[in-house]
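Okay, here's what each chain looks like letter by letter:
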Amino acid sequence: MYDENRKFTKLIKFMAENYYSNNSELNEAVSAFEDAIETSGNGEASFGVAGEDWERVEISQPPYTYPDAQFYASYDNGFQAPFLVCLWNNSFEELELLLKDTSEKLYKAYKKELEWDMTYERLDTNFHSMDKALAEFYLAGIR
């Protein structure tokens with residue numbers, strides 16, 4: 001199954017992508033989620049900092065200036081110091097719960113995207129396993 005770092009990556013990129021979406025309800029929900037993160041006292045968020053370049057948001061180890069951070073995402077535009085996208089000082093489950101409490105619609109959209117990625121990854125793994133088995137079968141027949 002997906003580990004917390006991969007889920008965090010998906011969550012952050014989903015929020016960054018939808019920050020400027022054409023759906024105003026999602027835009028408002030993402031902004032409300034940013035506010036909820038800061039209000040919680042467990043982190044900071046600025047999902048729109050990367051703009052249309054949201055795919056370049058990177059998940060990494062938090063810098064020493066954030067010793068309590070468990071999750072950290074930043075955006076580097078190549079010209080200035082990295083910009084903070086999200087910093088979270090609590091468990092990932094708490095972050096997901098905060099999202100669910102902030103916007104059920106946004107939470108469901110994120111979970112649907114996450115489920116799709118997990119399904120695609122399982123299919124991809126299964127196809128590679130089948131390819132390997134077929135190759136071994138073919139090679140066994142040649143010998």
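See the structure printed just above.
Here is a short report on the structure shown in this document. (Residues numbered from 1 in each chain as written. Predicted model: local features only at pLDDT ≥ 70, side-chain atom pairs only at ≥ 80, totals over all residues. Heavy atoms only, no water.)

## Comments concerning the overall build of the chain
(1) Moving on: Each helix and strand in the chain was counted, giving four helices and four strands.
(2) Moving on: Buried positions account for 33% of the 143 residues belonging to the chain.
(3) Moving on: Long-range pairs, those at least 24 residues apart, make up 53% of the contacts in the chain with a sequence separation of at least 6.
(4) Moving on: Counting every atom, the chain has about 9100 Å² of accessible surface; 50% of that belongs to carbon and sulfur. (Helix = DSSP H or I, 4+ residues; strand = E, 2+ residues; numbered from the N terminus. Buried < 20%, exposed > 50% of the residue type's maximum accessible area, 1.4 Å probe, protein only. Contact = heavy atoms within 4.5 Å. Areas by Shrake-Rupley, 256 points an atom, 1.4 Å probe, with all protein chains shown as cover.)

## Brief notes about the packing of helix 1 (residues 4-19) against helix 3 (residues 92-102)
(1) Moving on: With their axes 10 Å apart at the nearest point, helix 1 and helix 3 run at an angle of 30° to one another. One way to sum up the angle between helix 1 and helix 3 is to call them roughly parallel. For the pair helix 1 and helix 3, the crossing hand works out as left-handed. Of helix 3, the residues touching helix 1 (which contributes Glu-4, Lys-7, Phe-8, Leu-11 and Met-15) are Phe-92, Glu-93, Leu-95 and Leu-99. (Axes fitted to C-alpha atoms, helices over the stretch in contact; angles between N-to-C directions. Parallel < 35°, antiparallel > 145°, perpendicular 65-115°, else oblique. Left-handed = near helix turned anticlockwise from the far one by under 90°.)

## Quick word on helix 3
(1) Moving on: Those residues of helix 3 not exposed but buried are Phe-92, Leu-95, Glu-96, Leu-98 and Leu-99. End-on view of helix 3: buried residues confined to an arc of 155°, all on one side of the axis. (Arc of directions from axis to C-beta.)

## Quick look at the side chain of Lys-10
(1) Moving on: Within the secondary structure, Lys-10 sits in helix 1.
(2) Moving on: Overall, Lys-10 belongs to the buried group, its relative accessible area being 18%.
(3) Moving on: Discounting chain neighbours no more than four positions away, the residues touching Lys-10 are Tyr-110, Glu-113, Leu-114 and Asp-117.

## Concerning the sheet that holds strand 3 (residues 71-75)
(1) Moving on: The sheet built from four strands is open, its strands ordered 1-4-3-2 with antiparallel pairing. Edge positions in the sheet fall to strand 1 (43-45) and strand 2 (58-59), since each of these pairs with one other strand and no more.
(2) Moving on: By the bridge criterion, three bridges tie strand 1 to strand 4 (residues 83-88) in an arrangement that is antiparallel. For Ala-45, the partnering residue across the bridge sits in strand 4 and is Cys-86.
(3) Moving on: Contacting strand 1 and strand 4, helix 2 (residues 24-40) crosses the sheet at an angle of about 160° to strand 1. (Pairing = 2+ DSSP bridges.)

## Describing the packing of helix 1 against helix 2
(1) Moving on: Two elements in contact, helix 1 and helix 2, have axes separated by 9 Å at closest approach and are oriented at 130°. With respect to helix 2, the axis of helix 1 lies oblique. Here helix 1 runs over helix 2; the crossing is left-handed. Seen from helix 1, the contacting residues are Met-15, Asn-18 and Tyr-19; seen from helix 2, they are Leu-26, Asn-27, Val-30, Ser-31, Phe-33 and Glu-34.
(2) Moving on: Its residues assigned to classes, the contact of helix 1 with helix 2 shows five nonpolar, three polar and one charged. (Nonpolar A, V, L, I, M, F, W, Y, C, P; charged D, E, K, R; others polar.)

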